[in-house]
Amino acid sequence: QWQLVESGGGLVQPGGSLRLSCVASGFTLDKYAIGWFRQAPGKEREEVSCISSSGRRTSYADSVKGRFTISRDNSQNTVYLEMNSLKPEDTAVYYCAADPVGTACYRMDYWGKGSLVTVSS
């Protein structure tokens, strides 16, 4: 059975860093665009970042631009989200999702279960 599994979340102080990983099993990610989404308490889910299947195109929400970096290692079937200079408002459950078209994050057919990131002193 296919799976997307996020890891790397946890409790971090403001200004700290975390790296989230999204690993696929049961299928390979090399033809999929991968997006990171988050949902904070009391807020609607938002797209944080997206990376094309090749890794050559990336996009970021304005709220994280300059602080977060998305990358992928198709040989390891893994996509990463490096999060730096974390703020309390980054607190959310972070999800990775896969778009089979591969060019951008338009239709996310597969979703992970999420990883909680809490930014607090």
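Residues numbered from 1 in each chain as written. Predicted model: local features only at pLDDT ≥ 70, side-chain atom pairs only at ≥ 80, totals over all residues. Heavy atoms only, no water.

Draft legend 1. Inspection of the sheet that holds strand S7 (residues 68-73) at higher detail. Pairing in this open sheet of four strands is antiparallel, and the strands run S1-S3-S8-S7 from one edge to the other. Among the strands making up the open sheet, the edge pair consists of strand S1 (3-7) and S7. Going across the sheet, the axis of each strand differs from the next one's by a mean of 15°, ignoring polarity. Pairing geometry for strand S3 (residues 18-25) and strand S8 (residues 78-83), over six bridges, is antiparallel. Paired with Leu18 across the two strands is Met83, which belongs to S8. (Pairing = 2+ DSSP bridges. Helix = DSSP H or I, 4+ residues; strand = E, 2+ residues; numbered from the N terminus. Axes fitted to C-alpha atoms, helices over the stretch in contact; angles between N-to-C directions.)

Draft legend 2. Local environment of the nonpolar core. One finds Trp36, Leu81, Met83 and Tyr94 to be the most contacted residues of the largest nonpolar core, which totals 28 residues. Within the residue set of this core, elements represented by two or more residues are S3, strand S4 (33-39), strand S5 (46-51), S7, S8, strand S9 (92-99) and strand S11 (115-119). With six residues, the next largest nonpolar core counts Ala33, Phe37, Cys105 and Met108 among its residues. (Core = buried A, V, L, I, M, F, W, Y, C linked by side-chain atoms within 4.5 Å. Buried < 20%, exposed > 50% of the residue type's maximum accessible area, 1.4 Å probe, protein only.)

Draft legend 3. How the structure looks around the side chain of Ser52. Its location among the elements puts Ser52 in the loop between S5 and strand S6 (58-60). Relative accessible area serves as the criterion here: at 4%, Ser52 is assigned to the buried category. Setting aside its immediate chain neighbours within four residues, Ser52 contacts Tyr32, Ala33, Arg57, Arg72, Gly102 and Thr103. (Contact = heavy atoms within 4.5 Å.)

Draft legend 4. Main features of unusual backbone geometry. Backbone geometry places Asn77, a non-glycine residue, at a positive phi of 60°. Looking at the secondary structure, you find Asn77 in the loop between S7 and S8. Given the relative accessible area of 13%, Asn77 is considered buried. Unlike most non-glycine residues, Ser85 shows phi in positive territory, near 50°. Tracing the backbone shows Ser85 in the loop between S8 and S9.

Draft legend 5. How the structure looks around the pattern of salt bridges. In this structure the tally under the stated criterion is six salt bridges. A salt bridge links Asp90 to Arg67; the shortest N-O distance between them is 2.8 Å. With a gap of 23 residues between them, Asp90 in the loop between S8 and S9 and Arg67 in the loop between S6 and S7 connect regions that are remote in the sequence. Residue Asp90 is classed as buried on the basis of its relative accessible area of 1%. Assessed through its relative accessible area of 11%, Arg67 is described here as buried. In the salt-bridge network here, residues are joined through shared partners; they are Arg38, Glu46, Arg67 and Asp90. (Salt bridge = Lys/Arg side-chain N within 4 Å of Asp/Glu carboxyl O.)

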